[in-house]
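# Observations on the three-dimensional arrangement
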Amino acid sequence: MNSKIVQGVRVPEIGLGTFKLIGKTGQEAIRTALDIGYRHIDTAQVYNNEKMVGESIKQSYVERDQMFITSKIDRLNLEPSKLLTSVELTLMNLNMEYVDLLLIHWPNPDVDIRITLETMFSLKEQGRALHIGLSNFPMNQCVQIVEDIGMPIFCNQVEYHAMLGQFDLLDFAADHDVLITAYSPLAQGEILNNPLLLEIGNKYQKSAAQIALRWLIEQEQVVVIPKSATAKHLQENFDTYDFELEDEDFYAIDDLDKSMRVVNPNFAPNWN
């Protein structure tokens with residue numbers, strides 16, 4: 001498993017997103033992923049599957065220190081007392097003493113971000129979360145947090161795929177040595193019939209999904225967490241290391257229209 005090194009920390013490039021993975025199907029998907037070689041698992045309080053994720057990992061042969069586990073705090077739990085209580089429940093459900101990465105799932109303008117991050121950093125000091133970061137934060141809020149408030153972060157997890165650009169955040173990540181975790185890296189399946197990705201896939205004898213994932217992980221600071229419940233797709237998503245995109249193909253994907261956002265709830269921030 002290849003890794004990206006951010007702030008001196010190795011993060012597996014390809015992880016498993018677990019949104020909507022629940023019950024027996026979710027357990028089988030996680031166990032299969034671990035058997036294939038996945039070591040990066042992403043979950044969240046609002047997914048209501050942290051206990052299942054923890055049980056699946058515990059039942060595997062993989063040692064905890066070989067794993068990179070991320071969970072995300074519900075935007076309604078960002079006040080200090082709620083945050084601390086919810087994270088303790090997260091750790092209890094996961095049956096773990098710590099998570100590798102703890103993120104704010106979505107911005108909440110009703111809660112002072114400084115107080116939220118200070119509380120999260122107290123958990124870091126206690127060893128309950130090894131690294132602290134954000135999810136779904138636009139560029140202007142990242143700048144405010146890191147440069148204006150002076151709160152260092154490890155990661156911003158955002159929707160990022162071949163049909164949605166995040167180039168300003170990539171520049172920010174490079175300048176501040178911040179990880180970009182790309183969720184919905186296949187646009188929840190919306191890009192799998194894209195003519196260009198299919199054409200490039202034919203050239204390399206790869207699927208459109210593998211081309212889309214390869215384009216992402218060839219970028220500095222970027223890791224991906226595609227979700228899948230089937231062994232075939234879990235293996236396919238993982239098999240992206242036996243080829244490299246030629247420059248002309250990489251830049252052709254760069255030039256695709258980058259305006260298709262598939263995750264945009266009514267509480268989302270202003271992306272502009």
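Residues numbered from 1 in each chain as written. Predicted model: local features only at pLDDT ≥ 70, side-chain atom pairs only at ≥ 80, totals over all residues. Heavy atoms only, no water.

### What to know about the overall build of the chain
Summing up its helical and strand segments, the chain has 10 helices and 10 strands in all. On C-alpha atoms alone, the chain measures out to a radius of gyration of 18 Å, which is about the 19 Å that the 2.2 N^0.38 rule sets for 272 residues. When the backbone C-alpha atoms are referred to their principal axes, the chain occupies close to 55 × 45 × 35 Å. Buried positions account for 57% of the 272 residues belonging to the chain. Within the chain, counting contacts between residues at least 6 apart in sequence, those at least 24 apart form 76% of the total. Of the accessible surface of the chain, which amounts to about 12,200 Å², a share of 46% is contributed by carbon and sulfur atoms. (Helix = DSSP H or I, 4+ residues; strand = E, 2+ residues; numbered from the N terminus. Rg over C-alpha atoms; globule rule 2.2 N^0.38 Å. Buried < 20%, exposed > 50% of the residue type's maximum accessible area, 1.4 Å probe, protein only. Contact = heavy atoms within 4.5 Å. Areas by Shrake-Rupley, 256 points an atom, 1.4 Å probe, with all protein chains shown as cover.)

### Focus on helix α9 (residues 231-238)
Residues of α9 that are buried: L234, E236, N237 and F238. In this fold, the buried residues of α9 make contact with β3 (16-17), α1 (23-36) and α8 (208-217).

### A short note on the packing of aromatic side chains
Scanning the entire structure with this criterion turns up eight aromatic pairs. With 4.8 Å between their ring centres and 35 degrees between their planes, Y38 and F238 make a pair best called tilted. Taken together, the positions of Y38 in the loop between α1 and β4 (40-42) and F238 in helix α9 put the pair 200 residues apart, joining distant regions of the chain. Among the aromatic residues, those joined into a cluster by ring pairs are Y160, W215, F250 and Y251. Note that R214 overlies the ring of F243, its terminal NZ or CZ placed 5.9 Å from the centroid. (Phe/Tyr/Trp six-rings, centres within 6.5 Å; stacked < 30°, edge-to-face > 60°. Lys NZ or Arg CZ within 6 Å of the ring centre and 35° of its normal.)

### Observations concerning the packing of helix α5 (residues 139-149) against helix α6 (residues 167-176)
A pair of packed helices can be characterised by two numbers: the angle between their axes and the separation between those axes. As a packed pair, α5 and α6 sit with axes 10 Å apart at the nearest point and diverge in direction by 15 degrees. Between α5 and α6, the crossing angle belongs to the class labelled roughly parallel. The crossing of α5 and α6 is left-handed. For the pair formed by α5 and α6, the contact residues are M139, C142, V143, V146 and E147 on the first element and D168, L169, F172 and H176 on the second. Tallied by class, residues from the contact of α5 with α6 come to six nonpolar, one polar and two charged. (Axes fitted to C-alpha atoms, helices over the stretch in contact; angles between N-to-C directions. Parallel < 35°, antiparallel > 145°, perpendicular 65-115°, else oblique. Left-handed = near helix turned anticlockwise from the far one by under 90°. Nonpolar A, V, L, I, M, F, W, Y, C, P; charged D, E, K, R; others polar.)

### Notes on helix α3 (residues 80-94)
Over its 15 residues, α3 extends 21 Å from the first C-alpha to the last, a length consistent with the 21 Å expected when each residue adds 1.5 Å. Those residues of α3 not exposed but buried are L83, S86, V87, T90, L91 and L94. The buried residues of α3 occupy an angular sector of 140 degrees when projected down its axis, which confines them to one face. More than 90 degrees from the buried face of α3, the exposed residues found are S81, T85 and M92. Among the structural elements, α2 (50-58), β5 (68-73), β6 (99-104) and α4 (113-125) are those in contact with the buried residues of α3. Remark: N95 follows α3 within two positions and exhibits a positive phi of approximately 60 degrees. (Expected span 1.5 Å × (residues − 1). Arc of directions from axis to C-beta.)

### What about the sheet that holds strand β7 (residues 129-135)?
Ordered by their spatial adjacency, eight strands build an open sheet running β3-β4-β5-β6-β7-β8-β9-β10, and the pairing between neighbours is parallel. Two strands bound the open sheet, and with one partner strand each, they are β3 and β10 (222-224). With three bridges joining them, β7 and strand β8 (residues 155-159) adopt parallel strand pairing. Opposite S135, over in β8, you have Q157 as the bridge partner. (Pairing = 2+ DSSP bridges.)

### So, the layout of surface pockets
What the largest pocket holds in volume is close to 760 Å³. Looking at the lining of the largest pocket, the elements with two or more residues in it are α8 and α9. The element contributing the most residues to the lining of the largest pocket is α9, with three residues. Classifying every residue of the lining of the largest pocket gives 15 nonpolar, 13 polar and seven charged. Reported here for the second largest pocket is a volume of approximately 160 Å³. (1 Å grid on protein atoms, 1.4 Å probe; cavity = no way out; pocket = protein on both sides within 12 Å on 5 of 7 lines; lining within 4 Å. Points joined across faces, edges and corners; volume = space filled by probe spheres on them.)

### Here we look at the nonpolar core
With 76 residues, the main nonpolar core has I57, L102, L117, I145, L245 and I253 as its most contacted residues. Take this core: its biggest share by element is eight residues, from α8. Excluding residues within four positions of it along the chain, I253 makes contact with A162, L196, L197, I200, I211, W215, L245 and K258. Core analysis: the second largest hydrophobic core is formed by 10 residues, V6, V9, V11 and F68 among them. (Core = buried A, V, L, I, M, F, W, Y, C linked by side-chain atoms within 4.5 Å.)

### Focus on the pattern of salt bridges
For the structure shown, the criterion picks out nine salt bridges. R64 is the partner of D100 in a salt bridge, and the nearest nitrogen-oxygen pair spans 2.9 Å. Of this pair, D100 sits in strand β6 while R64 is found in the loop between α2 and β5, placing the two residues 36 residues apart along the sequence. Like D100, the residue R64 is buried in the burial classification. As a salt-bridge pair, K203 and E248 come within 3.2 Å of each other at their nearest N and O atoms. With a gap of 45 residues between them, K203 in helix α7 (residues 195-204) and E248 in helix α10 (residues 247-254) connect regions that are remote in the sequence. The exposed category is assigned to E248, whose relative accessible area is 54%. (Salt bridge = Lys/Arg side-chain N within 4 Å of Asp/Glu carboxyl O.)

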